[in-house]
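# Structural overview for review
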Amino acid sequence: MKFSIRLFPEITIKSRPVRKRLIQRLQSNLQNMLRRIDEGIKVKGQWDKLDVEYAGSAENVTEQVVDLLSRTPGIHSFIEVTEYPLGDFHDIYEKAFAIYAEQLKGKTFKVRVKRSGKHDFKSIEVERYVGGGLNQNADTAGVNVHKPDVYVDLEIRNESLYVVTNIYKGLGGFPLGTQEATLSLISGGFDSIVASYMSMRRGCKTHFLFFNLGGHAHEIGVKQVALYLWQKYGSSARVKFITIPFDEVVGEILQSVHHSHMGVVLKRMMMRAGEKVSDRMGIDALVTGESIAQVSSQTLPNLAIIDAATEKLVVRPLVTMDKQDIIDITREIGAYDFAKNMPEYCGVISDRPTTSAKKDRVEEEESDFDFDVLERALERRQVISIDEIEEDVNIHAEVEALTKVDENQVVVDIRAPHEQEKKPLNIPGCEIQLIPFFALGSKVDEFSEEKEYLLYCEKGVMSQMHAHQLQERGFTNVKVYRPGSAN
């Protein structure tokens, strides 16, 4: 197995020292992550590309490598190739025929050759010879140089021939860790999820800050989506998840601030708290999911007043994006169902909120605010490493986890459908229902009060979170199923 990685174009136009640094970081990131799949996978760096090589041929390893490369920041595209010693033109044709003959049946095609090194022939000469041979001996619909059904891609590097078997699209962006770290203010909704993702995709080591406005279910839901984003797009870097209890801050705002300015003041308090946390972490930028005019607090005058509460750079990746475009991105990155089903807690609802806050008026409203409340909230913050969320959820679990299933119990597999299909749950003699986590909210009303329902997921994290949420809603007959092999 061999893959050749094309770099994100913005990397290739950098100066030589910068390009070298970016490539080295991408190589290091890939090596660290691929090692978790198989220790035998090697990443080799070149001036304008990277090669991933694996001596084995296990299909499941190849699938995992393709999946990882497709979601790693810094990769524009990558190709799967079969490598041969470079022979004469007829030998090149035979190698191409062996791989492409089946694909070409009844289809038009075009041969493309990329060549590097010193040779006594030109790329176009190889294209003509191989194309002519395939056209004569494969059951094709002929050559089409403008819009072919199939491209026959070959690469010649010095004394090696590479026949391209598959082409994959990459994530783009810069390698994680090549830009400065950021602190993302995440609520678990569509906007903050996409903003966090875009920060990671741009190469920033992105930490997560959550302001808990009073709901435990909301907190574990946000931890769940933050863990997903990190595992999917940022696992080459260790980051922190910080929770600040903000319920008392909200209570103080309700008592001290005029209703028309509550939303703006709440955001300013969050900025102040974010600044304190980022100072302790040595971070210079805060990331938010705000977009111009999406809600009353996000008009340009209000955003300016909110930013004035901090000396940190406030990065808003979504600032000019439409809501539907943001939602579409959550679908693309696999986070739509998280955001759609995220439990919410509304801290303050302003009556006729201002859309054009003035500095003097805001400062007047804040003059009665007891800032000791904000300091106490900061003192009560909780900080954990993102990869400790699973353990953290289990340690603080309030839902009973069972290792065996009795007659009156039903196991509910809440994994995503593709996970259920890939690795079906098999418990002889036990009733199993397949209800993906994002459908639980609508299906739980169908649960029988005479039975107990044990939620199952492979790692036991999502099952704990959703079981806790359902118990808070009054479904006391919901517990967790965690067989010994899933610990």
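Fair warning: this is a prediction, and the values are worked out from it, not measured in the lab.

## Comments concerning the pattern of salt bridges
- Tallied over the full model, the rule gives 30 salt bridges.
- Close ionic contact of Lys 95 with Asp 91 constitutes a salt bridge, the shortest N to O distance being 2.7 Å. Here Asp 91 and Lys 95 lie together in helix H4 (residues 89–104), a separation of 4 residues that amounts to about one turn.
- Its salt-bridge partner being Arg 112, residue Asp 153 comes within 2.7 Å of it at the nearest N-O pair. Taken as a pair, Asp 153 in strand E7 (residues 150–157) and Arg 112 in strand E5 (residues 108–116) lie far apart in primary sequence, 41 residues in all.
- Given the relative accessible area of 10%, Asp 153 is considered buried.
- Look at the salt bridges and you will find they share partners, linking Arg 6, Lys 49, Asp 51, Glu 155 and Arg 157 into a network.

## Some words on the UniProt feature "binding site: ATP" (unreviewed entry) in the protein
- As recorded in UniProt, the sites labelled "binding site: ATP" (unreviewed entry) are Leu 185, Ile 186, Lys 267, Gly 289 and Gln 298.
- Tracing the backbone shows Leu 185 in strand E9 (residues 179–185).
- Residue contacts for Leu 185: discarding those within four places in its chain leaves Ser 192, Leu 209, Phe 211, Leu 286, Val 287 and Thr 288.
- Tracing the sequence through the fold places Ile 186 in the loop between E9 and helix H6 (190–201).
- By relative accessible area, Ile 186 is classed as buried at 3%.

## Remarks on a positive patch on the surface
- A surface patch of like charges, here positive, comprises Arg 21, Arg 25, Lys 205 and Lys 240.
- Locating Lys 205 in the fold gives a position in strand E10 (residues 204–212).
- A relative accessible area of 30% places Lys 205 in the partly exposed class.

## Side note on the domain arrangement of the protein
- Here the protein is described as being made up of domain 1 (2–169), domain 2 (180–393) and domain 3 (397–481).
- The distance between the C-alpha centroids of domain 1 and domain 3 comes to 44 Å.

## Topic: the packing of aromatic side chains
- Going through the model one piece at a time under the given rule, you end up with 14 aromatic pairs.
- Aromatic ring contacts, followed pair by pair, group Phe 3, Phe 78 and Tyr 168 into a single cluster.
- When the ring centre of Tyr 84 is taken as reference, the NZ or CZ atom of Lys 95 above it lies at 5.4 Å.
- The ring of Tyr 162 carries the charged tip of Arg 157 above its face, separated from the ring centre by 4.5 Å.

## Description of the pairing of strand E8 (residues 160–172)
- One ladder, built from 10 bridges, connects strand E4 (residues 75–85) with E8; its direction is antiparallel. The residue bridging Ser 77 from the neighbouring strand is Lys 169, located in E8.
- Where E7 meets E8, 4 bridges bridge the pair, whose relative direction is antiparallel. By the bridge assignment, Arg 157 is partnered in E8 with Ser 160.
- Turn length for the E7-E8 hairpin, with the two strands adjacent in sequence and antiparallel, is 2 residues, and the turn residue Asn 158 shows positive phi of about 55°.

## A word on the environment of Glu 449
- Among the secondary structure elements, Glu 449 is positioned in the loop between helix H17 (440–443) and strand E18 (452–456).
- Using a relative accessible area of 78% as the deciding quantity, one classes Glu 449 as exposed.
- Considered as a pair, Glu 449 and Lys 358 are 91 residues apart in the sequence and their alpha carbons are 55 Å apart.

## Some details on empty space enclosed by the protein
- On inspection of all chains with the given rule, the structure shows 2 cavities of 30 Å³ or more.
- One number sums up the size of the largest cavity: a volume of about 60 Å³.
- Along the walls of the largest cavity sit 10 residues, with Gln 224, Phe 338, Asn 341, Met 342 and His 466 positioned nearest its centre.
- Taken together, the elements giving at least two residues each to the lining of the largest cavity come down to helix H7 (216–234), helix H12 (336–340) and helix H18 (461–472).

## Let's talk about the pairing of strand E3 (residues 49–53)
- Burial runs high along E3: 4 of the 5 residues are buried.
- Examined bridge by bridge, strand E1 (residues 2–7) and E3 share 5 bridges and lie antiparallel to one another. Its bridge partner being in E3, Arg 6 is matched across the sheet by Lys 49.
- Relative to E3, strand E2 (residues 42–45) runs antiparallel, the two being bridged by 4 bridges. Paired with Lys 42 across the two strands is Glu 53, which belongs to E3.
- Counting the residues between successive antiparallel strands, the hairpin from E2 to E3 contains 3 residues.

## Here's the deal with the sheet that holds strand E16 (residues 409–413)
- The strand order across the open sheet built from 5 strands is E15-E19-E18-E16-E17, with neighbouring strands paired in parallel fashion. Unpaired on one side and paired on the other, strand E15 (401–402) and strand E17 (432–434) mark the two borders of the sheet.
- By the bridge criterion, 3 bridges tie E18 to strand E19 (residues 478–481) in an arrangement that is parallel. If you follow Leu 455 over to E19, its bridge partner there is Val 480.

About the cut-offs
- Residues numbered from 1 in each chain as written.
- Predicted model: local features only at pLDDT ≥ 70, side-chain atom pairs only at ≥ 80, totals over all residues.
- Heavy atoms only, no water.
- Salt bridge = Lys/Arg side-chain N within 4 Å of Asp/Glu carboxyl O.
- Helix = DSSP H or I, 4+ residues; strand = E, 2+ residues; numbered from the N terminus.
- Buried < 20%, exposed > 50% of the residue type's maximum accessible area, 1.4 Å probe, protein only.
- UniProt positions renumbered as here; feature names shortened; annotations may be inferred.
- Contact = heavy atoms within 4.5 Å.
- Patch = residues over 30% accessible without salt bridge, like charges linked within 9 Å, V, L, I, M, F, W, Y side chains within 5 Å.
- Areas by Shrake-Rupley, 256 points an atom, 1.4 Å probe, with all protein chains shown as cover.
- Lys, Arg positive; Asp, Glu negative; His and termini not counted.
- Charge placed at Lys NZ, Arg CZ, Asp CG, Glu CD.
- Domains from an automatic or database assignment.
- Phe/Tyr/Trp six-rings, centres within 6.5 Å; stacked < 30°, edge-to-face > 60°.
- Lys NZ or Arg CZ within 6 Å of the ring centre and 35° of its normal.
- Pairing = 2+ DSSP bridges.
- 1 Å grid on protein atoms, 1.4 Å probe; cavity = no way out; pocket = protein on both sides within 12 Å on 5 of 7 lines; lining within 4 Å.
- Points joined across faces, edges and corners; volume = space filled by probe spheres on them.

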